[in-house]
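# Structural overview
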Amino acid sequence: MSKLFRPWRDHSFQLLALALTIAAFALSAVIFLRAELEQRFSISTAEALGGDLVLASSRTPEPEQLAKIGGFNISQIIDFSTVLVHKDELLLVSARAVDSAYPLYGQIQLAKNRFANEYSQRHGPAPGHVWVADQVIDRLNINVGATLTVGNKPLKISAIIRQLPDQNAGFYSMNPRIVLNSSDLEATGVMGPGTRIRQQSMVAGNSEPIKNLGLELNKKLRPDQSLETVDDAALRSMGPLRQLSLWANLAVLLISLLCGAAIYLATSQRVRRRAKLAGLLRSFGASRYQVITRLLGWEFLAVLPAVIIGSTLGAAIIMTTMDSDSANIGTGYLSAASPLEWLTALLAPLLLWLAFALPRLSTLVRVPAIEVLRQRQQSSLLSTNIELLAALSAPVLLAGLLTDSLGELGKVLGLIAALGVLLPALLWPLIKGLDLLSTRLPLAARLAIRRLSRRPALTLPLLVSLTLAMTVLTLAGQTGSQLLNDWRTRLPSKAPNHFVLNLFERDMPAFEQWLEQHDAIAQPLYPVVRGRLSRINGVPVKEAITKEKKSGHRHLNRDLILTEASVLPASNIINSGQWHGENTLNLKQKSAAHSASHSVSVEQEIADNLGLKLGDKLEFVTSRGMLHATISSLREVDWNSFEPNFYFIFASGEFAAQDITWITSFWLPEGDGARLAELLHELPHITLLDVKTLLDKAQEIIAQASRASALLGALLMFSALLVLAAGLLGGQQQRGRDNALLRALGGKQQLIKGILWIEFLCLSGSAALGATAISLLALYPLNERLFQQGMSISVWQALPLALALFVTLCGLLASRRALQQPALSLLRSQGE
Amino acid sequence: MPQQVAPLLEVGNIAKRVQGPEGELTLLEDIDFTLSAGESLAITGPSGSGKTTLLGLLAGLDTPSQGEIRLNGSAFSSLSEDQRASHRGATCAFVFQEFHLVADMNVLENVMLPLELAGRAKPAAIAKDWLERVGLGHRIRHFPATLSGGEQQRVALARAFAVQPRLLFADEPTGSLDYANGKRVIDLLFELNQHSGAALVLVTHDPQLASRCQHHLELHEGKIMNIAFAEEKPIEESVIEKFIHQTHPS
């Protein structure tokens, strides 16, 4: 038992154990955080989709398809349109018939009456009941508790729907929604031959079986069927969760790298102190294997407690930092991490330690014993570099195992790691050159430069580590702050919480007055025309689109919401082509030439789905005839922004001859719901969508993402500081001996301090230069992966220079003991 | 008539006490002697007798708990750390048992180091000269790791004598060497010392080596057990003149 504690008496082992504890803490925190995010991601996506897999069709699935999905947790729903009649009022609604399993994920937000507070429900309406949207109450002048006839079936209105979990904020159907029990469907009599329905079989299950099910079903889909899984869902493609997921993966890569560097430095120190023992063992006849196991064996057991403590702390910090939403997560945080991830969290720091310990330890068995005993082993520059490269490959491989983003983020990591090693190697000849020229410099500078240039085994790893640490701190600061800024911009405190559709020109004065009266803040108004895509390049759509694309796309057989605009909406980015409004200097001067260009900008995903490209000529059928336009640009749209977004945006003036309504979104302060009723009373034909629940959810996601991002940033900084500490503490013994000798030979304290200042300034200054170069170069790949708006050069690029000063001061602080080492120690016993 | 030379080193009733785990520990007590320029003193005694402690005090690497040490007329032991370092650099030199060469400086740079610290002019030329004298002129660009123990100690001797010290401290200079190399080094030490006219304080456990010194101070448990100072011999004027010329060239 005492053998387990023996290594702890040594300072270098304590430093190594600290490095491993922090490595375990940081890696496990990131692993658990990622698992947590992945689960929330998947659950959010599954909620939005309605299941882990959704098979949608215009009629009942085939028996064999039903058999395949029968082994899973399923819910069957049918969406259809119907007209409600109540007294003298008619209203077209989107109806949904749900079974008892609905919803598979999430909860339905309901209210007892028009202006009551919301409550959650985990199942659909009972037979004989119907839930309706607010607009149904307003339009039909009906209340909760009243009877509403759907088709032939009278149903009791028992609640008002505020939000369905799988109801996204798109505008597929702007009709008010009702939900009834599927057992009442037949009695309604609305299902008949030719009735247009959308049947969805929603499936819930674990990822691997779902994936296999998807592959099976995909082989034999009917033309009217489509299959969507959480991996396909649009929610993944953009938004804070995607950015955070990538950032978390990058953090894993960088933390692996930094912790590896810290372990390398601490292990080097330890190896130096064990060199004599290694030489002695070999002089006694021990084999290389025996030397390694004797040196490594007990230490491996001795560091285990440090790793376990670190991993446990990492898991604990995630539990206390991330909020729990038991309705979504289920049994709590730890269930988010799989047993494999637990094991990975425990093994990852040990793997890092082995990766960095073994190359260093191998020097003790590679170098002849006599050289070790005579302390003559001197690493060549080449062998030091090879060792470093071999050691640095370990975190890259480890990160590849821990994340699935090595392909996506590998460029960034590769750049940082490669430059982190290459730049110091490039700086090395400069340092050597400075040594050659140093004869003209003052004594303190000469001695400082000699210390750096004559000890590659000490200087190079420290230079690499400092460069990497400074780079990571700079990138963490800049990326983290830009992410937070991005998210704050995406969802400002007064993000629109309502959408209004079907406004007419004549409604504007009343609408604007209402907005002003209630301190509401509105987004730009967009003119809207409903149209159906009929031809592409003169060819009818049914012929122009391939069978595979046609079957997967629901936009071909329905009216699309078209708009025109001269200013590119803020939530859109042009991917290719040119925005038709860019060259319009004066919005009021719509030249005939410009209108005649008949340009349209198309959303990228729909363009990809339909095989559309720049220059294609499109024809739309509207209530007033045809609309023709040529695709002038393709756009990426942030569908999660709370602004009106469109697949097709025409150039201004295209709708001159069309029937236009207007759409916009606005922010309404908290208050009485009667204000909305007032607006509806004033403008009864408008459609009003309350997206407050969605907004609250998005804000909650962003709040959690911000917390997680801050935590990641803190972990990165912690790891970087660990590297700094390991680097600065290592080499202190050598400095102490050097300083003692200088004092014995007559050197004054001032000279010794001067040497230390210059030594650390040169080291940290070189690292700062390298870090600035690397962080500038890394901007491009980071920008490409994480940000849409771009990340530009900022004040963060000056951080390495500030860090250089900080490192110098820390170095001097760490060297206090070395500074005060008495010259008398030279007369005492050597070494330890 | 031979001139009487004032003592270079005056040790006045010094003691050294430290706090140990079981209370105060007396390392040295009642140490009292003087040493003049050109004289040699061997300090002997068993392990733990306080030899190294005494050497440290004499060299100003440590301060006594009691008493005073005067070096070249100045109250050495009461100076500050920096003042002692400065004084030490100007007056003293060391030869250590473990050589203590700087591993990442070549032989020439090692010998130049104390000269640079003292701000001497043309340190490289002086260093080269001394390396020639110790027979290592052909290895000035070599690093200590490539030298044998004897060669390293010769470099240490060159480093010590290059600054023309008035007082040379040698702490078991042959302790890390074999007999043949040790004899060679010690012969060189005494030869160079005789030519330089510096006083020599030699810590050794070797009675034969001790017998080569003029004076002998034997310690036991921190106290002087035996002290044998040879009669004061007049120093030849030529030696004095040579010494003065070397230390104060004008």
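Residues numbered from 1 in each chain as written. Chains lettered and ligands numbered in written order. Predicted model: local features only at pLDDT ≥ 70, side-chain atom pairs only at ≥ 80, totals over all residues. Heavy atoms only, no water.

### Comments concerning the nonpolar core
Grouped together as the largest cluster of nonpolar side chains are 142 residues, with contacts concentrated most on B:L9, B:L58 and B:L167. Considering every element that reaches this core, the biggest residue donor is helix α2 (residues 11-49) of chain A, with 19 residues. When neighbours within four sequence positions are excluded, B:L9 is seen to be in contact with B:F33, B:T34, B:L35, B:L58, B:I69, B:R70, B:L71, B:L167 and B:V201. (Core = buried A, V, L, I, M, F, W, Y, C linked by side-chain atoms within 4.5 Å. Buried < 20%, exposed > 50% of the residue type's maximum accessible area, 1.4 Å probe, protein only. Helix = DSSP H or I, 4+ residues; strand = E, 2+ residues; numbered from the N terminus. Contact = heavy atoms within 4.5 Å.)

### Side note on the packing of helix α16 (residues 508-517) of chain A against helix α21 (residues 674-682) of chain A
Residue and element names in this part refer to chain A. Two elements in contact, α16 and α21, have axes separated by 11 Å at closest approach and are oriented at 165°. Overall, the two elements α16 and α21 adopt an arrangement that is roughly antiparallel. Relative to α21, the crossing made by α16 is right-handed. In this structure, α16 contributes A510, F511, W514 and Q517 to the contact, and α21 contributes R675, L676, E678, L679 and E682. In terms of residue class, the contact of α16 with α21 is built from 5 nonpolar, 1 polar and 3 charged. (Axes fitted to C-alpha atoms, helices over the stretch in contact; angles between N-to-C directions. Parallel < 35°, antiparallel > 145°, perpendicular 65-115°, else oblique. Left-handed = near helix turned anticlockwise from the far one by under 90°. Nonpolar A, V, L, I, M, F, W, Y, C, P; charged D, E, K, R; others polar.)

### So, empty space enclosed by the protein
All names here are of chain A. Tallied over the full model, the rule gives 9 cavities of 30 Å³ or more. Within this model, the largest cavity holds a volume of roughly 210 Å³. In this structure, the largest cavity is lined by 21 residues; those nearest its centre are L458, T459, L462, G730 and G731. Put simply, the parts of the chain that give the lining of the largest cavity at least two residues each are α7 (240-283), α14 (443-453), α15 (456-490), α22 (692-729), α23 (732-744) and α24 (749-786). Its residues placed into classes, the lining of the largest cavity shows 9 nonpolar, 7 polar and 5 charged. Computed from the structure, the second largest cavity encloses a volume of approximately 100 Å³. Of all the secondary-structure elements, those providing two or more residues to the lining of the second largest cavity are α14 and α23. (1 Å grid on protein atoms, 1.4 Å probe; cavity = no way out; pocket = protein on both sides within 12 Å on 5 of 7 lines; lining within 4 Å. Points joined across faces, edges and corners; volume = space filled by probe spheres on them.)

### Examining the interface of chain B and chain A
Each partner contributes to the interface: chain B provides 30 residues, whereas chain A provides 25 residues. Looking at the side of chain B facing chain A, the largest losses of area belong to B:H100, B:D104 and B:L117, adding up to 23% of the total buried there. The tally of links from chain B across to chain A stands at 4 salt bridges. Its salt-bridge partner being B:E109, residue A:R450 comes within 3.8 Å of it at the nearest N-O pair. Seen at the junction of chain B and chain A, the total is 6 residue pairs in polar contact (both at pLDDT 80 or more). At the level of secondary structure, the elements contributing two or more residues to the side of chain B that touches chain A comprise α1 (51-58), α2 (81-91) and α3 (107-117) of chain B. Residues that form the side of chain B that touches chain A fall into these classes: 13 nonpolar, 7 polar and 10 charged. (Buried area = accessible area lost by both parts, 1.4 Å probe. Salt bridge = Lys/Arg side-chain N within 4 Å of Asp/Glu carboxyl O. Polar contact = N/O pair within 3.5 Å; in protein donor to acceptor, adjacent residues only side chain to side chain.)

### Considerations on a nonpolar patch on the surface
Residue and element names in this part refer to chain A. Taken together, the side chains of I308, L343, L346, L347 and L351 present a nonpolar region at the surface, about 410 Å² in accessible area. Here the nonpolar patch gets 4 residues from one element, more than from any other, and that element is helix α10 (residues 339-366). Locating L343 in the fold gives a position in helix α10. Exposure remark for L343: the relative accessible area of 47% places this residue in the partly exposed category. (Patch = residues over 30% accessible without salt bridge, like charges linked within 9 Å, V, L, I, M, F, W, Y side chains within 5 Å. Areas by Shrake-Rupley, 256 points an atom, 1.4 Å probe, with all protein chains shown as cover.)

### Notes on the sheet that holds strand β8 (residues 199-203) of chain B
Note on sheets: strands pair through backbone hydrogen bonds, and any given pair is parallel or antiparallel. Residue and element names in this part refer to chain B. In spatial order, the strands read β6-β7-β8-β3-β9-β10; together these 6 strands make up an open sheet with mixed pairing. Looking along the sheet, the strands with just one partner apiece sit at the ends: β6 (92-95) and β10 (223-228). In this sheet, neighbouring strand axes are inclined to one another by 15° on average, regardless of whether the strands run parallel or antiparallel. Across 4 bridges, the pairing between strand β3 (residues 40-44) and β8 is parallel. Paired with A42 across the bridge in β8 is L202. Here helix α6 (residues 179-196) sits on the sheet and contacts β7 (167-171) and β8; the angle it forms with β8, its principal contact strand, is near 155°. (Pairing = 2+ DSSP bridges.)

### So, the packing of aromatic side chains
This structure, assessed with the given rule, holds 11 aromatic pairs over all chains. Their ring planes at 75° and their centres at 5.5 Å tell us that A:W514 and A:F666 sit as a pair that is edge-to-face. Within this pair, whereas A:W514 is found in helix α16, its partner A:F666 is found in strand β22 (residues 661-667), the two being separated by 152 residues in sequence. The pair A:W514 / A:F666 is uniform in exposure class, with both members buried. Judged by centre distance (5.8 Å) and plane angle (15°), the rings of B:W130 and B:F161 are stacked. Pair noted here: B:W130 is in helix α4 (residues 123-133) and B:F161 is in helix α5 (residues 149-162), with a separation of 31 residues, a long-range link. Classification of B:W130 by relative accessible area gives buried; the value is 7%. On the accessibility criterion, B:F161 (1% relative accessible area) is buried. Site record: aromatic cluster; members linked through ring pairs are A:F620, A:F648, A:F650 and A:F655. The ring of B:W130 carries the charged tip of B:R133 above its face, separated from the ring centre by 4.1 Å. (Phe/Tyr/Trp six-rings, centres within 6.5 Å; stacked < 30°, edge-to-face > 60°. Lys NZ or Arg CZ within 6 Å of the ring centre and 35° of its normal.)

### Side note on the pattern of salt bridges
Following the criterion strictly, the structure yields 27 salt bridges over all chains and no others. A salt bridge links A:K613 to A:D616, with the nearest nitrogen and oxygen atoms 3.3 Å apart. Using a relative accessible area of 5% as the deciding quantity, one classes A:D616 as buried. One salt bridge connects B:D129 with B:R133, and the closest N-O pair in it is separated by 3.3 Å. Here B:R133 and B:D129 lie together in helix α4, a separation of 4 residues that amounts to about one turn. Owing to a relative accessible area of 36%, B:D129 belongs among the partly exposed residues under this scheme.

### Overview of the confidence of the model for chain A
Residue and element names in this part refer to chain A. Averaged over all residues, the pLDDT of chain A equals 78, while 81% of them reach at least 70. Long-range and interchain partners of residues 169-173, a stretch whose pLDDT sits below 50, account for 12 contacts in this model, where long-range means more than four residues apart. Below a pLDDT of 50 lies the segment residues 234-238, which in the model reaches 17 contacts outside its immediate sequence neighbourhood of four places, other chains included. (pLDDT = per-residue confidence, 0-100.)

### As for the sheet that holds strand β2 (residues 23-36) of chain B
Residues and elements named next belong to chain B. Taking strand neighbours across the sheet as the criterion, the 4 strands line up as β2-β1-β4-β5 in an open arrangement whose pairing is antiparallel. On the outer flanks of this sheet lie β2 and β5 (74-75), each paired with one strand and no other. Here strand β1 (residues 7-20) runs beside strand β4 (residues 66-71); their pairing, made up of 5 bridges, is antiparallel. Note on β4: the bridge partner recorded for V11 is I69.

### A few points about the pairing of β6(B)
In summary, the side chains of a regular strand alternate between the two faces of the sheet. Residue and element names in this part refer to chain B. Neither face of β6 is exposed, since C92 and F94 on one face and A93 and V95 on the opposite face are all buried. Relative to β7, β6 runs parallel, the two sharing 4 bridges. Residue pairing across strands places A93 opposite L168, the latter belonging to β7.

### Concerning the side chain of A:T661
Take A:T661: it is sitting in strand β22. The residues touching A:T661, leaving out its near neighbours within four places in the chain, are A:N502, A:L503, A:F504, A:Y526, A:P527 and A:V528.

### Description of α6(B)
Residue and element names in this part refer to chain B. Over its 18 residues, α6 runs 25 Å from end to end, which matches the ideal 26 Å to within 8%, given 1.5 Å per residue. What α6 keeps buried is the set G182, V185, I186, L188, L189, F190, L192, N193 and S196. Its side-chain oxygen 3.1 Å from the backbone nitrogen of A180, D178 forms the N-cap of α6. Note on α6: the residue one or two positions beyond its end, G197, has a positive phi of about 80°. (Expected span 1.5 Å × (residues − 1).)

### A word on unusual backbone geometry
A cis amide bond, omega -5°, links A:Y102 with the succeeding residue A:P103. Its location among the elements puts A:P103 in the loop between β3 (89-98) and β4 (108-111). Residue B:N72 is not a glycine yet carries a positive backbone phi of 55°. Considering the arrangement of structural elements, one finds B:N72 in the loop between β4 and β5. Of note in the backbone geometry, B:K122 takes a positive phi value of approximately 50° without being a glycine. Inspection of the secondary structure assignment puts B:K122 in the loop between α3 and α4. Under the relative-accessibility criterion, B:K122 is labelled exposed at 66%.

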